[in-house]
Amino acid sequence: MKRSFKSLFSFFTESWSELKKVRWPSRKELKNYTLIVLGTIVVVAVYFWVLDIGISAVIERII
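Each value, and the rule that gives it
- Here, residues in each chain are numbered from 1, in the same order as that chain's written sequence.
- The predicted nature of this model means local features are confined to residues of pLDDT at least 70 and side-chain atom pairs, given and counted, to a pLDDT of 80 or more, with totals for whole chains, interfaces and linings taken over all residues.
- Only hydrogens and water are set aside when side-chain values are computed; all heavy atoms of the structure are taken into account.
- UniProt positions are given in the numbering used here, feature names are shortened, and annotations may be inferred rather than shown by experiment.
- One speaks of a salt bridge when a side-chain nitrogen belonging to Lys or Arg is within 4 Å of a carboxyl oxygen belonging to Asp or Glu.
- Under the scheme used here, helices are H or I runs from DSSP no shorter than 4 residues and strands are E runs no shorter than 2 residues, and both carry numbers assigned from the N terminus.
- Only protein chains enter the accessibility calculation, which uses a 1.4 Å probe; a residue is then buried when its area is under 20% of its type maximum, exposed when over 50%, and partly exposed in between.

The name given to the chain in an unreviewed UniProt entry is Protein translocase subunit SecE, and the organism recorded there is Paenibacillus auburnensis. Per UniProt, the comment on the chain under Subunit (unreviewed entry) is "Component of the Sec protein translocase complex. Heterotrimer consisting of SecY, SecE and SecG subunits. The heterotrimers can form oligomers, although 1 heterotrimer is thought to be able to translocate proteins. Interacts with the ribosome. Interacts with SecDF, and other proteins may be involved. Interacts with SecA." UniProt, in its Sequence similarities (unreviewed entry) section for the chain, records the words "Belongs to the SecE/SEC61-gamma family."

In structure tokens form, the structure reads like this:
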């Protein structure tokens, strides 16, 4: 039991020291990355929407 607490404490200590090494993005970078992700989501959603409409039209003509 004592060993598991020690290893758990060691895990959190090492995790905290690794987090200190991370270079976090600035507010401007974070905003740009967020806009890129949202833009990509919109493009992919529109692509699949058009693809769905096209496939539905083809199936309607067949049936």
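(A) Structural detail: the pattern of salt bridges. Here the structure, examined in full by the defined rule, presents two salt bridges. With a shortest N-O distance of 3.2 Å, Lys21 and Glu18 are connected by a salt bridge. Of this pair, Lys21 and Glu18 both sit in helix α1 (residues 2-21), three residues apart, which is roughly one turn of that helix. By relative accessible area, which is 63% here, Lys21 ends up exposed. You can call Glu18 partly exposed: its relative accessible area is 46%.

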